[in-house]
Amino acid sequence: MFVKNAWYCAGWDHELSQGKTAVLSRRIAGESVVLYRKLDGAVVALEDRCPHRQAALSLGRKEGDSLRCMYHGMKFGPDGQCNEIPGQTTIPERACVRAFPVVEKDNWIWVWMGDAVKADPALICFSVGPGDAGWNIKTSQVHVKTNYRLEIANLMDLTHIAWVHDATFGGTREYELVRPRMTMRPRGIDSDIWLRNVPVTRFAQHLFPPDMRFDLHFDVQFSVPCNFVLHFKVYVAGTATEGPSDGQLVLDSYSCQAVTPCDADSVQYYYSWGASRATDSPGLSDLLKEAIDAAFLEDKLTLEAQHRNISEKPDFKTIDIVHDAGPGKMLWLLDKMLKEEAAAEKRAIPIAATV
Amino acid sequence: MFVKNAWYCAGWDHELSQGKTAVLSRRIAGESVVLYRKLDGAVVALEDRCPHRQAALSLGRKEGDSLRCMYHGMKFGPDGQCNEIPGQTTIPERACVRAFPVVEKDNWIWVWMGDAVKADPALICFSVGPGDAGWNIKTSQVHVKTNYRLEIANLMDLTHIAWVHDATFGGTREYELVRPRMTMRPRGIDSDIWLRNVPVTRFAQHLFPPDMRFDLHFDVQFSVPCNFVLHFKVYVAGTATEGPSDGQLVLDSYSCQAVTPCDADSVQYYYSWGASRATDSPGLSDLLKEAIDAAFLEDKLTLEAQHRNISEKPDFKTIDIVHDAGPGKMLWLLDKMLKEEAAAEKRAIPIAATV
Amino acid sequence: MFVKNAWYCAGWDHELSQGKTAVLSRRIAGESVVLYRKLDGAVVALEDRCPHRQAALSLGRKEGDSLRCMYHGMKFGPDGQCNEIPGQTTIPERACVRAFPVVEKDNWIWVWMGDAVKADPALICFSVGPGDAGWNIKTSQVHVKTNYRLEIANLMDLTHIAWVHDATFGGTREYELVRPRMTMRPRGIDSDIWLRNVPVTRFAQHLFPPDMRFDLHFDVQFSVPCNFVLHFKVYVAGTATEGPSDGQLVLDSYSCQAVTPCDADSVQYYYSWGASRATDSPGLSDLLKEAIDAAFLEDKLTLEAQHRNISEKPDFKTIDIVHDAGPGKMLWLLDKMLKEEAAAEKRAIPIAATV
């Protein structure tokens, strides 16, 4: 179901304050995780489950760098090891909570859900955060009751912009002719997409003359489990060349999107959009945020209905179309990683049994 | 569970407009159905499921006589056949949606959920709609979280009027002596019921002298799956004869009720009531509608609690009483049809396998 | 899951009036029970399920000492035997509803869910009700979505007061040193607990000088399934001796708590607290009620989260701590009774089979 050896986004950094109540509960890839900050600000991620009687540690209390379970008072350090059991002096070795590797990067909190020794921060996807001085990035999030594979398929095929987002990002059927230039990476796919000589997108129609035309460039880095980083540029039509361009830039922007599966039936979708300082103007990045908020409710409606339909008839025979290539490649990569993890786990069992 | 070769009511005709958003989703006998009107007004009923990736077509857009899936833009004609796949020129033969036979009659939309070649409009039950010039029929509907077999049992035994509807339709225990004269038809049962010399029903007590007595005549046509058409007449007591009567008519009315199972645990109940023009008077049919709306909430409460109880103890041993005859006959007929359909399906499998 | 041969609390006596609508539905140990009072005030408890078609009798109507099912009018006496079937003269012997032994005691209604011949009122736990002239007892209740075994564990270990109830009953960590003196009874455990020289509990801090110290005495009678009766006394520190004491009493109070499992996933928690007339003063027992209402919401939050965690990972390996002794003893007693009942039922089956 879920790739374990991967970094999953657990939220925007501003969600986890140093306040008294800053103990957050998150559902990530089928596990309950509790997050808090140490005194130095570093984020700790533990399983949200006391080893004594499974009380929720997220109802607990931060004490220095430790987290105290507020059911019977057991206290755990940031490594998950119990360092106090009220009323007794000995602490059993097994009195520890699973600790997850965690990294803050680009204003996102990333948690590694698999084998801690494999948790390489270099595997965290590139992104541009709201804290980046060169960009005016606005952030948001939405909960969607769908399986994350449907989100992958959605994001790997931008032709849906013409239909799902007709009222927001749409306005042209040129998307249907899109054939992305895709490059496979070990844990993701890069896509390069040009749309030439198209009208302005619906949400910005009031900003330009009606007959003005644009070239759009989508530079997408997609990585497992479901992280989508889009460098999106808009040029005056006919002025942009492929590769580094000296065309007439109307908008240079980044939209960074991390879709974290909570469980098989829902995802938490953290996303952003914003213009470069050079192409920003007062109110512009707010308009982008308004547009993406509206558009993602369109996706939510579509993907929740699709998920209900699939849950009802999981064996329904479907047909494929030309635009399935992108989704197919990414889902193939995901399934390959899932199989490799399953095989590695199978090999690991006899070793564990001999310990 | 559900008889397939039957007409199911999908709603009142006025619910499906020619407006831009007039694409309705309905749950009928365990299937999701999308409804829309062609330019000539004729209703189209398709499975609410795109053959590409199971997106909901009810989120789609009407384009002329076609319906476009607004996920990837595939467009389907009223026969369910795909007539456009944006971005590609060939259309696979299997790119089609199941189309259901549909008929409008007496202001109800009827959908045939089984084998299309058997969809004979003559099998649609007789009813009197709000559009009938001779009657002032008012319409309504209610969702009930119960199994439709419980609705069948409810409607086939009018003695429950004395108890469930004590505060609305009730007012006399004469109902308990009712012995309907029943006539079996191939797909239903007719019931003929007389109540003689009874006081006025509760909801109309303020209209008549307290000691006035009436004769009531119920002429019921019940048909599968669960359609109940009642010709209800009230006479001054002692003036009516059975058969065509020249008695003193106080009320001549029709109540037409179509109970459509959504799935095993809920039904959508479309119903009406209204007087003949000859016996109507200003406000009278509104009173009938008020009364039936109130009464059907009484049924809803009763049948939802009963359904919860049965779901909890499906094997509970029950006892039978004298009034079970009507429900028993109708459920026997339903089960007979279910068995015949199951047997026919079993026979059909080897044939399909040889194709 | 549930001990059957036990008295379960079905509510406070004032909840069941003699009013027209005083027919209550309760969920007790996995069974639906309907309660009403006879003309003489005695409470009747029947299964909430008509033997005809499983309609809910709690939607029925009290008629004298009988309860009429308002679906088809069958009427049942307080022993559950049907005494009227409208429209027919014979009443089948099997037309009866299961009747449960019921006793009112200390303003609580108690229902016996097992074999009626074993229903000994002497097995009802001791308690002090709001009607007791010597005490000013205030009552309340709360619904908690948890398994009742977690409530047992919660109540058998008062050290949780220091943590769960830090903001209400808490204020000292002395609780962690508590070692109750426990006495096993056939159907319960008595606990005797002293806390010496502790500060005032949080909710009463405004009533005493900040440096004042107290001795607390908890005298607990716990009995199956999950009834907790606490005689709680507060003395000026250093003035109380164990056993009958002539110390300086600040508060002499009773809190009686009956936790009734509705089903595997929820309980209805009936509870009270109040001072003796001798130690009461205007507003004091109201303060106690305010405090216990607030505290039980803290428990609700904790136990609902714990129940969700356990439901998610029922096989999670937990560790034990020193304070598990009390919970362990009581759960052992419960499991012993469950096993004995299961064994007795197994022995009973061949006998039934030969009848």
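The structure displayed is predicted, hence computed values, not measured ones.

About the criteria used
Per chain, the residues get numbers from 1 upward, laid out in the order the sequence is written. Labels are handed out in written order, letters beginning with A for the chains and numbers beginning with 1 for the ligands. Confidence filtering applies because this is a predicted model: local features only for residues at pLDDT of at least 70, side-chain atom pairs given and counted only at 80 or more, and all residues used for totals across whole chains, interfaces and linings. The side-chain figures draw on all heavy atoms in the structure; neither hydrogens nor water molecules are used. Secondary structure follows DSSP: runs of H or I at least 4 residues long count as helices, runs of E at least 2 residues long count as strands, and numbering of each begins at the N terminus. Note on method: radius of gyration uses C-alpha positions; expected globular size equals 2.2 Å times residues raised to 0.38. Each residue gets one of three labels from its accessible area relative to the maximum for its type: buried under 20%, exposed over 50%, partly exposed in between, using a 1.4 Å probe on protein chains only. Fitting of the copies onto one another was done by least squares over C-alpha atoms, counting residues only where both copies have pLDDT of at least 70. The contact rule is simple, with two residues in contact once any of their heavy atoms fall within 4.5 Å. Here's the idea: put two parts together, see how much 1.4 Å probe accessible area each one loses, and the total over both is what we call buried area. One speaks of a salt bridge when a side-chain nitrogen belonging to Lys or Arg is within 4 Å of a carboxyl oxygen belonging to Asp or Glu. The term polar contact refers here to a pair of N or O atoms within 3.5 Å; inside protein, the definition further demands a hydrogen-donor-capable atom paired with an acceptor-capable atom, and it admits residues adjacent in sequence only when both atoms are side-chain atoms. Only Asp, Glu, Lys and Arg are considered charged in this grouping, and only Ala, Val, Leu, Ile, Met, Phe, Trp, Tyr, Cys and Pro are considered nonpolar; every other residue, Gly among them, is considered polar. Confidence scores labelled pLDDT are given residue by residue by the predictor and lie between 0 and 100. What counts as an axis is a line fitted to C-alpha atoms, over the stretch in contact for a helix, and the angles between N-to-C directions run from 0 to 180 degrees. Throughout, the term roughly parallel applies to angles under 35 degrees, roughly antiparallel to angles over 145, roughly perpendicular to angles from 65 to 115, and oblique to all others. Working rule for handedness: look at the near helix, and if it is turned counterclockwise from the far one by less than a right angle, call the crossing left-handed; if clockwise, right-handed. For two strands to pair, DSSP has to find at least two bridges joining them. Only Phe, Tyr and Trp rings are paired, with Trp represented by its six-membered ring, and only when their centres lie within 6.5 Å; those with planes under 30 degrees apart are stacked, over 60 edge-to-face, the remainder tilted.

J.: Before we move on, can you summarise the overall build of chain A with the specific residues and values?
T.: From N to C terminus, chain A includes 3 helices and 18 strands. Scaling as 2.2 N^0.38, a compact globule of 355 residues should have a C-alpha radius of gyration of about 20 Å, and chain A matches this with 23 Å. When the backbone C-alpha atoms are referred to their principal axes, chain A occupies close to 80 × 50 × 35 Å. Scored against the burial criterion, the 355 residues of chain A give a buried share of 56%.

J.: For the relation of the copies chain A and chain C, give the residues involved together with the corresponding values.
T.: Least-squares fitting of chain A to chain C yields an RMSD of 0.0 Å, with the transformation described by 0.1 Å of translation along the axis and a rotation of 120°. Here the transformation between the copies is reduced to the relation of a three-fold axis.

J.: Describe the interface of chain C and chain B, with residues and values.
T.: Reports of interface size often rely on the accessible area that becomes lost once the parts have come together. Listed per partner, the contact involves 30 residues of chain C and 29 residues of chain B. Overall, the association of chain C and chain B removes approximately 2,600 Å² of surface from exposure, summing both partners, and the carbon and sulfur fraction of that is 52%. Summed over the shared surface of chain C and chain B, the number is 8 salt bridges. Between B:Asp324 and C:Arg53 there is a salt bridge, with the nearest N and O atoms lying 3.3 Å from each other. Counting across the interface, chain C meets chain B through 25 residue pairs in polar contact (both at pLDDT 80 or more). Of the residues contributing to the side of chain C that touches chain B, the split by class is 12 nonpolar, 8 polar and 10 charged.

J.: So what's going on with the confidence of the model for chain A? Which residues, and what values?
T.: Overall, the predicted model of chain A reaches an average pLDDT of 95, with 97% of residues at or above 70. We note a pTM of 0.94 for the whole complex and an ipTM of 0.93 for its interfaces.

J.: Requested: an account of the packing of helix H1 (residues 148-155) of chain C against helix H2 (residues 284-312) of chain C, with residues and values cited.
T.: Residue and element names in this part refer to chain C. In the contact formed by H1 and H2, the axes pass within 10 Å of each other and the chain directions differ by 130°. When the axis of H1 is compared with that of H2, the two are oblique. Where H1 crosses over H2, the handedness of that crossing is right-handed. Touching Leu150, Glu151 and Asn154 of H1 are Asp299, Leu303, Gln306, His307 and Ile310, all from H2.

J.: Pulling in residues and values, what's your account of the side chain of C:Ser140?
T.: Residues and elements named next belong to chain C. Among the secondary structure elements, Ser140 is positioned in strand S12 (residues 135-144). Residue Ser140 is classed as buried on the basis of its relative accessible area, which comes to 15%. Once residues lying within four places of it in the same chain are set aside, the contact partners of Ser140 are Trp12, Tyr269, Tyr270, Tyr271, Lys289 and Asp293.

J.: Account for the pairing of strand S13 (residues 181-185) of chain B, naming residues and giving values.
T.: Residue and element names in this part refer to chain B. Pairing geometry for S13 and strand S14 (residues 188-198), over 5 bridges, is antiparallel. In the strand pairing of S14, Met182 is matched with Ser191. Where S13 folds back on S14, the antiparallel hairpin that results is connected by 2 residues.

J.: Before we move on, can you summarise the interface of chain A and chain C with the specific residues and values?
T.: Tallying the contact residues gives 30 residues for chain A and 29 residues for chain C. Carbon and sulfur atoms supply 51% of the area buried between chain A and chain C, which totals about 2,600 Å² over both sides. The three residues of chain A that bury the most area against chain C are A:Arg53, A:Gln54 and A:Tyr71, which together make up 26% of that side's buried surface. For the pair chain A and chain C, the interface holds 8 salt bridges. A salt bridge links A:Arg49 to C:Glu312, with the shortest nitrogen-to-oxygen separation between them at 3.0 Å. Taken together, chain A and chain C are joined by 25 residue pairs in polar contact (both at pLDDT 80 or more). Tallied by class, the residues present in the side of chain A that touches chain C amount to 12 nonpolar, 8 polar and 10 charged.

J.: If you had to explain the sheet that holds strand S2 (residues 24-28) of chain C to someone new, which residues and values would you point to?
T.: Residues and elements named next belong to chain C. Strand order across the open sheet formed by 4 strands is S2-S3-S4-S9, with antiparallel pairing between neighbours. The two strands at the open ends of the sheet, each matched to only one other strand, are S2 and strand S9 (99-100). In terms of strand pairing, strand S3 (residues 31-37) meets strand S4 (residues 43-47) through 5 bridges, oriented antiparallel. Counted as the bridge partner of Val34 is Leu46 from S4.

J.: Please give an account of helix H1 (residues 148-155) of chain B that cites residues and values.
T.: An α-helix turns once per 3.6 residues; consequently, residues spaced three or four apart project the same way. Counted residue by residue, H1(B) has 6 buried out of 8 residues, so it is predominantly covered. Of all the residues in H1(B), the buried ones are B:Tyr148, B:Leu150, B:Glu151, B:Ile152, B:Asn154 and B:Leu155.

J.: Mind laying out the pairing of strand S4 (residues 43-47) of chain A, listing which residues take part and the relevant values?
T.: All names here are of chain A. Buried residues dominate S4, accounting for 5 of its 5 residues. Here 2 bridges tie S4 to strand S9 (residues 99-100), and the two strands are oriented antiparallel to one another. Each residue of the ladder has a partner; that of Ala45, found in S9, is Phe100.

J.: Go over the sheet that holds strand S5 (residues 61-63) of chain A, please, and point to the residues and values.
T.: Residues and elements named next belong to chain A. Within the open sheet, the 4 strands sit side by side as S5-S6-S7-S8. Their pairing is antiparallel. Two strands lie at the open edges of the sheet, namely S5 and strand S8 (82-84), each paired on one side alone. Relative to S8, strand S7 (residues 75-76) runs antiparallel, the two being bridged by 2 bridges. Within the sheet, the bridge partner assigned to Lys75 lies in S8 and is Glu84.

J.: Let's hear about the environment of A:Asn107: which residues, and what values?
T.: Residue and element names in this part refer to chain A. Structurally, Asn107 can be placed in the loop between strand S10 (102-105) and strand S11 (108-112). In the structure, Asn107 is positioned 94 residues away from Asp13 in sequence and 5.1 Å away in space, judged by C-alpha atoms. Polar contacts involving the side chain of Asn107 include one to the main-chain amide nitrogen of Gly131, which spans 2.8 Å.

J.: I'd like a description of the packing of aromatic side chains, backed by residues and values.
T.: One pair of aromatic rings is described through two measures. These are the centre distance and the angle between the planes. Per the counting criterion, the structure on display carries 54 aromatic pairs over all chains. For the ring pair C:Tyr269 and C:Tyr271, a centre distance of 5.8 Å and an interplane angle of 85° mean the geometry is edge-to-face. Across the pair, exposure class does not vary: C:Tyr269 and C:Tyr271 are buried alike. Pairing C:Tyr269 with C:Phe296 gives two aromatic rings, centres 4.9 Å apart and planes at 55°, and the pair type is tilted. With C:Tyr269 in strand S18 (residues 266-276) and C:Phe296 in helix H2, this pair connects stretches of sequence that are 27 residues apart. As far as the burial class goes, C:Tyr269 and C:Phe296 line up, both buried. Among the aromatic side chains, those forming a connected cluster through ring pairs are A:Phe169, A:Tyr175, A:Phe203, A:Phe218, A:Phe232 and A:Trp273.

J.: Describe the side chain of A:Thr146, with residues and values.
T.: Residues and elements named next belong to chain A. Position of Thr146 relative to the elements: it lies in the loop between strand S12 (135-144) and helix H1 (148-155). Of the polar contacts made by the side chain of Thr146, one reaches the backbone oxygen of Leu303; its length is 2.9 Å. Those residues within four positions of Thr146 in sequence are excluded, and the remaining contacts are Glu151, Ala264, Asp265, Ser266, Val267, Leu303, Glu304 and His307.

J.: For the environment of C:Arg94, give the residues involved together with the corresponding values.
T.: Within the element layout of this structure, C:Arg94 appears in the loop between strand S8 (82-84) and S9. With 22 residues separating them in the primary sequence, C:Arg94 and C:His72 have C-alpha atoms 17 Å apart. Those residues in contact with C:Arg94 that sit more than four places away from it in its chain are B:Lys317, B:Thr318, B:Ile319 and C:Pro51.

J.: If you had to explain unusual backbone geometry to someone new, which residues and values would you point to?
T.: The omega angle of the peptide bond from B:Val224 to B:Pro225 is -5°, so this bond is cis rather than trans. Assignment of secondary structure puts B:Pro225 in the loop between strand S15 (214-223) and strand S16 (227-236). The backbone of C:Asn107 sits at a positive phi, close to 70°, despite the residue not being glycine. In this model, C:Asn197 sits at a positive phi of 60°, which is unusual for a non-glycine residue. Mapped onto the secondary structure, C:Asn197 falls in strand S14 (residues 188-198). Relative accessible area serves as the criterion here: at 48%, C:Asn197 is assigned to the partly exposed category.

J.: Describe the pattern of salt bridges, naming the residues involved and giving the relevant values.
T.: Applying the stated criterion across every chain, the model contains 78 salt bridges over all chains. The salt bridge involving B:Arg26 is made with B:Glu15; its shortest N-O contact spans 2.7 Å. Here B:Arg26, found in strand S2 (residues 24-28), pairs with B:Glu15, found in the loop between strand S1 (7-12) and S2; they are 11 residues apart in sequence, far enough to count as distant. The class for B:Glu15 is partly exposed, based on a relative accessible area of 23%. B:Glu63 is the partner of B:Arg61 in a salt bridge, and the nearest nitrogen-oxygen pair spans 2.9 Å. One salt-bridge network, in which partners are shared between bridges, spans A:Arg61, A:Glu63, A:Arg68, A:Glu84, C:Asp166, C:Arg173, C:Glu176 and C:Arg202.

J.: A description of the environment of B:His160 should follow, citing residues and the corresponding values.
T.: The residue B:His160 is located in the loop between H1 and S13 in this model. Linking B:His160 and B:Val128, residues 32 residues apart in sequence, is a C-alpha distance of 24 Å. In contact with B:His160, other than residues within four places in its own chain, are B:Asn154, B:His165, B:Asp299, C:Tyr71 and C:His72. Of the polar contacts made by the side chain of B:His160, one reaches the backbone oxygen of B:Asp157; its length is 2.8 Å.

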